[in-house]
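Remarks on the overall topology
If you want the building blocks of each chain, they are given just below.
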Amino acid sequence: MQERYNFSEIEAKWQKEWEQEDLYKVTEGDEKEKYYCLEMFPYPSGNLHMGHVRNYSIGDVLARYKHMKGYNVLHPMGWDSFGLPAENAAIKHGIPPAKWTLDNIENMKKQLISMGLSYDWGREVATCLPDYYKWTQWIFLQFYKHGLAYKKKSYVNWCPDCATVLANEQVVNGACERCDTPVEKKSLEQWFLRITDYAQDLLDSIPDLKGWPDKVKIMQENWIGRSEGAEISFTVEKTGKKLPVYTTRPDTTFGVSYLVLAPEHPMVEELIAGTEYEEPVRKFVRNVQQMSEIARTSAETEKEGMFIGSYVINPLNQEKVPLWVANYVLYEYGTGAVMGVPAHDERDFMFAKKYDLPIRVVIQPKDQELKVEEMTTAFVEDGVMVNSGKFDGLPNQEGISAVAHYLEEIGAGNVKVNFRLRDWLISRQRYWGAPIPIVYCDKCGAVPVPDEDLPVRLPLDVEFRPTGESPLNNIPEFLNTTCPCCGGPARRETDTMDTFICSSWYFLRYADPKNAEEAFNKEKANYWMNVDQYIGGVEHAIMHLLYARFFMKALNDFGLVDVREPFQRLLTQGMVLKDGTKMSKSKGNVVSPEEIINKYGADTARLFILFAAPPERDLEWSDQGVEGCYRFLNRVWRLVYNYVKDENIKKAEAKAELTKDDKDLRRLLHGSIKKVSEDIGERFTFNTGVSAIMELVNGLYHYRDKAEQDPALLKDAIDSLLILLAPFAPHISEELWHALGHQTSVHTQAWPEYDEEALVAEEVEVVLQINGKVRDRLKVAANLSREELEKTVLAMEKAQQNMQGKQVVKVITVPGKLVNIVVK
RNA sequence: GCGGGAGUGGCGGAAUUGGCAGACGCGCUGGAUUUAGGAUCCAGUGGGAGACCGUGGGGGUUCAAGUCCCUUCUCCCGCACCA
């Protein structure tokens, strides 16, 4: 055994060895219980960053731990490899996207391997390869065949910089999630998936996600945004047509003083055509539509509107109220029209004040009387209905359903549930994605590509121009095809799918990655799913995690798999920061994993990133902290080195009886086993797990200084130490394990069990408190009875001093912990 | 504005069920070793000379509060005209 810890030699050696032995290969159907440990697969940007290191270190500790605990562990890795950066590289550097992507994968895979991660590389998938996207296309067609994929013309979010449309979820504060460019609205014909059909289901099963952080569950709940209310039909006076509005407050319907349409509402144009309002209203609508999404959807934006010259009839009281158009009404939500009740809605109140529209109180608070002239803000709390005909006197909460049901009776409305969630726009006007497998025929319309013709291959020999247009439009061999229906000439769809589609089912493909006949074998998927532990960044709280849940429910409904939720437990790791902020090139505070691994080794990098903070919290990078972890591994190395070298210890006879020092070490050892097991397996607090291992090492150093040791105990402690360390620092543990003379891998050892009896201390320290404040300490026998403990502590000098001349009110004794004397 | 999370030594962080605040690591101080430095090993390290005081501030419950309740401040994250 070498005296020095030569990490680079050791790490290379064991990485090669593990690969040759195929140590991490798994197959299904083992008699062991399965455990599916999954980390979010990366986009192959070309280089690993610290966020990846953190993500994959966490996953690897869990996977290795579960493996040693006797589970059949599936721990795969792959590549989310479609996406825009590959195209940008092509435009900028003239490298074809496929080559750029595959080169990046190769490089990143090397880096992942250099971290010593326990992946079954035989299950590697890359979403950009035809053997994967064939099945992405097939799944799309399943959605299509079940009526869950459809094409419609609508106002969609367009990012001018990315030159493509975006899903609602990809618009952040009115700007493109990727490049921060303000999005524009465009009216385009696009493919959607009917995620709204699953809105209620997605919401209802959130409480079942027991192992998910509340934060993520709440975010999803808010995103789905269920609201209960009523749809109420007003009648347009001029045309007699019904104009439905959606409201959560049908109890305020008697307080309606105007109605507002969204600028995009088709009835606007219909009602102004040929009237004196035509020109000014058109101008107003145009102005609103020219506003950026950010300005338009901000709550701070001044509410502006305009009367459009028509009136509608309130179905409850037959009142005639004016019809307006205004910038604050969203066409996409509800019916695109709202009723204005200024007295009881803040926005309506502001609007009515601005345009001098009437305000009528229809809900009175219980303890005071509202006077319109005195109101400075809308009254939105609960109260009693007034000015509401036969509903007068009814508490408004009851009024909500009473009015809704009455409207239903008279045929002027119905109870209605609305969701904020919109259907998922999946078309992208980009090249580097999975082609949507549809062809357009003049005779037959949109026709799905037959399963046997899949995959619709992405042509690889393409030319990129910085026009923003998808090159697929310029490739006749791709574009022109024959109709699968009638055999006539047809055109292919040139849009590709949102890459979130590819990542919505990859965890299923890992269960059966090589299958050429199916997306995945049902039995294999049923065996491995669902994912027992999923680990990734919280930035995916909504998009990826919601889409994947939607896919799982749909695939279950298609009968392809038995489970309905993809991820049993979810761990969202915090960011890796440097100098208090996120690492970024522009700030110049990036620490590259490669650099750290070269300087200290992967084991040190892993250990530091797990030790520096609990996984959910942000982690501040510290070069000195890394140094400390490196020192610790050296300390472990020397401990084992000295042990192996010391012939006396190995020759020593086993002792008949353990001394106090022996028992202390044994208690420390078993306490460490317990702590590390719980910290990895139950609490997911790897930082305290590492600290427990450090304490064990400190204890072993002290033990080595003792005059006599128990050789059997020492050997057991050092063996166990290496097993406990193995999930965190796999290379050094393996090397030292073999240096101790073991023939098999440390990673295939059974995780040690702790002995409850060994944990029991013979002596404990108890505390003397006076009025709750610690005044003295005392070592006593651990099994001392309550009475004896109290007697002993009360007899202490400090106790006597404090009781002198005072009245003892009471004495609280907690055996094994403390005696608190309350004096007056 | 709404929702969520966090404020603990010089720093990262521990304290799992209300029971010894500051585990472990960094940094710092001292000692041993060494020609010397580095490395290593050992010891010390919240503040205060001390009685004592200490978990963002104020109040409360309790024999006992970092932990529970009320209130307030600061920071971070998510959503934000969804009728």
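Let me sum up the structure you'll find in this document.

About the cut-offs
- Residues numbered from 1 in each chain as written.
- Chains lettered and ligands numbered in written order.
- Predicted model: local features only at pLDDT ≥ 70, side-chain atom pairs only at ≥ 80, totals over all residues.
- Heavy atoms only, no water.
- Helix = DSSP H or I, 4+ residues; strand = E, 2+ residues; numbered from the N terminus.
- Buried < 20%, exposed > 50% of the residue type's maximum accessible area, 1.4 Å probe, protein only.
- Contact = heavy atoms within 4.5 Å.
- Areas by Shrake-Rupley, 256 points an atom, 1.4 Å probe, with all protein chains shown as cover.
- Lys, Arg positive; Asp, Glu negative; His and termini not counted.
- Charge placed at Lys NZ, Arg CZ, Asp CG, Glu CD.
- Expected span 1.5 Å × (residues − 1).
- Arc of directions from axis to C-beta.
- Near = heavy atom within 4 Å.
- Polar contact = N/O pair within 3.5 Å; in protein donor to acceptor, adjacent residues only side chain to side chain.
- Nonpolar A, V, L, I, M, F, W, Y, C, P; charged D, E, K, R; others polar.
- Salt bridge = Lys/Arg side-chain N within 4 Å of Asp/Glu carboxyl O.
- Phe/Tyr/Trp six-rings, centres within 6.5 Å; stacked < 30°, edge-to-face > 60°.
- Lys NZ or Arg CZ within 6 Å of the ring centre and 35° of its normal.
- Pairing = 2+ DSSP bridges.
- Axes fitted to C-alpha atoms, helices over the stretch in contact; angles between N-to-C directions.
- Core = buried A, V, L, I, M, F, W, Y, C linked by side-chain atoms within 4.5 Å.
- Parallel < 35°, antiparallel > 145°, perpendicular 65-115°, else oblique.
- Left-handed = near helix turned anticlockwise from the far one by under 90°.

With that settled, consider the overall build of chain A. Within chain A, the regular secondary structure consists of 28 helices and 34 strands. With the principal axes as the frame, chain A shows a C-alpha extent of 105 × 90 × 50 Å. Considering chain A as a whole, with its 824 residues, one finds that 54% of them fall into the buried category. Intrachain contacts of chain A at a sequence separation of at least 6 include 72% that bridge at least 24 residues. When the accessible surface of chain A is split by element, carbon and sulfur atoms take 48% of a total near 37,000 Å². Each charge class in chain A can be summarised by its mean position, and for the 98 positive and 122 negative side chains these summaries are 2 Å apart.

What follows is about helix H4 (residues 97-114). Between its terminal C-alpha atoms H4 stretches 26 Å, which fits the 26 Å expected from 18 residues at 1.5 Å a residue. Those residues of H4 that sit buried are Pro 97, Ala 98, Trp 100, Thr 101, Asn 104, Ile 105, Met 108, Gln 111 and Leu 112. One face of H4 carries all of its buried residues, which in axial projection span an arc of 155°. For H4, the elements touching its buried residues are helix H2 (50-68), strand S3 (78-79), helix H3 (84-93), strand S4 (125-126) and helix H18 (593-600).

Neighbouring residues of RNA strand B: 56 residues in total, closest Thr 248, Thr 297, Lys 303, Arg 347 and Arg 777. In the interface set of RNA strand B, defined as its atoms within 4 Å of the protein, sugar plus phosphate atoms amount to 69%. Ala 612 places a polar main-chain atom, nitrogen or oxygen, 2.8 Å from a sugar or linking oxygen of RNA strand B. Residue Gln 624 places a side-chain N or O atom 3.4 Å away from a sugar or linking oxygen belonging to RNA strand B. Element by element, the count of residues in the surface near RNA strand B is highest for helix H23 (residues 686-704), at eight residues. Grouping the amino acids of the surface near RNA strand B by side-chain chemistry returns 20 nonpolar, 16 polar and 20 charged.

A word on the pattern of salt bridges. Tallying each qualifying case throughout the model produces 41 salt bridges. When the shortest N-O distance is used, the salt bridge between Asp 532 and Lys 34 registers 2.8 Å. Highlighted residues: Asp 532 in strand S26 (residues 531-537) and Lys 34 in strand S1 (residues 34-39), separated in sequence by 498 residues. Considered together, Asp 532 and Lys 34 belong to a single accessibility category, that of buried residues. With a shortest N-O distance of 3.1 Å, Lys 553 and Glu 565 are connected by a salt bridge. Of the two residues, Lys 553 sits in helix H17 (residues 543-557) while Glu 565 sits in the loop between H17 and strand S27 (567-573), which places them twelve residues apart along the sequence.

Our next topic: the packing of aromatic side chains. Inspection of the entire model under this criterion finds 45 aromatic pairs. Arranged with centres 3.6 Å apart and planes meeting at 5°, the rings of Phe 41 and Tyr 506 form a pair that is stacked. Of the two residues, Phe 41 is situated in the loop between S1 and H2 and Tyr 506 in helix H15 (residues 506-509); the sequence distance between them amounts to 465 residues. The residues Phe 41 and Tyr 506 share a single accessibility class, namely buried. Ring centres 5.8 Å apart and planes at 65° place the aromatic pair Tyr 144 and Trp 191 in the edge-to-face group. Taken together, the residues span a long stretch of sequence, with Tyr 144 in helix H5 (residues 130-145) and Trp 191 in strand S9 (residues 184-193) at a distance of 47 residues. Judged by relative accessible area, which is 2%, Trp 191 ranks as buried. A cation over a ring is seen here: Arg 420 above Trp 223, with NZ or CZ 4.2 Å from the ring centre. In this structure, Arg 492 packs its charged tip against the face of Phe 478, placed 5.8 Å from the ring centre.

An α-helix turns once every 3.6 residues. As a result, residues three or four positions apart point the same way. Taking 1.5 Å per residue, 19 residues should reach 27 Å; H2 reaches 27 Å between its end C-alpha atoms and fits that length. Looking one or two places after H2, you find Gly 70, whose phi comes out positive at around 100°.

For the rest of this paragraph, the subject is the sheet that holds strand S5 (residues 149-159). Pairing between the strands of a sheet comes from backbone hydrogen bonds, and it takes one of two forms, parallel or antiparallel. Strand order in the open sheet formed by four strands is S6-S5-S9-S19, and the pairing between neighbours is antiparallel. The two strands at the open ends of the sheet, each matched to only one other strand, are strand S6 (164-166) and strand S19 (424-425).

As for its placement among the helices and strands, Ala 516 is situated in the loop between H15 and helix H16 (522-528). Of the residues examined, Ala 516 reaches a relative accessible area of 53% and is grouped as exposed. Spatially, the C-alpha atoms of Ala 516 and Val 462 are 27 Å apart, while their sequence positions differ by 54 residues. With residues up to four places along the chain from it excluded, the contact list for Ala 516 reads Lys 134 and Trp 135.

Strand order in the open sheet formed by four strands is S2-S1-S26-S27, with parallel pairing between adjacent strands. In the strand order of this sheet, the two ends are held by strand S2 (72-74) and S27, each with one partner. Neighbour-to-neighbour, the strand axes of the sheet open up by a mean angle of 20°, direction not taken into account. One ladder, built from three bridges, connects S1 with S26; its direction is parallel. Bridge pairing links Glu 39 to Ile 535 in S26. Strand contacts of H2: S1, S2, S26 and S27, with the helix running at about 175° to S1, the strand carrying the most contacts.

Within the element layout of this structure, Lys 585 appears in the loop between strand S29 (581-582) and H18. Owing to a relative accessible area of 80%, Lys 585 belongs among the exposed residues under this scheme. Separated by 41 residues in the primary sequence, Lys 585 and His 544 have C-alpha atoms spaced 26 Å apart.

Judged by nonpolar contacts, the single largest core of 188 residues is most densely connected at Phe 143, Trp 424, Phe 507, Leu 508, Trp 621 and Phe 728. Among the elements that make up this core, the one with the highest residue count is helix H20 (residues 623-645) (twelve residues). Filtering out sequence-adjacent residues up to four positions away, Trp 424 remains in contact with Ala 167, Trp 191, Phe 192, Leu 193, Ile 195, Asp 498, Phe 500, Ile 501, Ser 504, Tyr 547, Phe 550 and Phe 551. Counting 54 residues, the second-largest nonpolar core is a separate cluster that includes Met 267, Val 285, Trp 324 and Val 325.

As a further point, take the pairing of strand S24 (residues 489-492). Only one face of S24 is buried, namely the one carrying Ala 490 and Arg 492, since none of Pro 489 and Arg 491 on the opposite face is buried. In the sheet, strand S21 (residues 438-441) pairs with S24 via three bridges, with the strands oriented antiparallel. Paired with Cys 441 across the two strands is Ala 490, which belongs to S24. Note: strand S23 (residues 480-482) against S24, three bridges, orientation antiparallel. Bridge assignment links Asn 480 to a residue of S24, and that residue is Arg 491. In sequence, S23 turns back onto S24 through a hairpin of six residues, with Gly 487 there showing a positive phi of about 80°.

Take the environment of Val 341 next. Topologically, Val 341 is positioned in the loop between strand S15 (337-340) and helix H11 (346-355). For Val 341, the residues in contact, after removing those within four places along its chain, are Thr 252, Gly 255, Val 256 and Asp 348.

Right, let's get into unusual backbone geometry. With glycine set apart, most residues show a phi of negative sign, and most peptide bonds adopt trans. Cis geometry marks the peptide bond from Leu 454 to Pro 455, where omega comes out at 0°. In this structure, Pro 455 sits in the loop between strand S22 (445-448) and helix H13 (476-479). Here the residue pair Met 529 and Asn 530 is connected by a cis peptide bond, since its omega of 0° sits within 30 degrees of zero. Along the chain, Asn 530 turns up in the loop between H16 and S26. The phi dihedral of Ala 163 is positive, around 55°, even though this residue is not glycine. In this structure, Asn 173 is a non-glycine residue whose phi angle is positive, near 50°. With respect to the helices and strands, the residue Asn 173 is situated in the loop between strand S7 (171-172) and strand S8 (175-176).

Contact geometry for helix H24 (residues 711-725) and helix H25 (residues 730-739): axes closest at 8 Å, N-to-C directions at 155°. Relative to H25, the element H24 lies roughly antiparallel. Crossing of H24 over H25 shows left-handed handedness. Where H24 approaches H25, its residues Asp 719, Leu 722, Ile 723 and Leu 725 are matched on the opposing element by Ile 732, Ser 733, Leu 736 and Trp 737.

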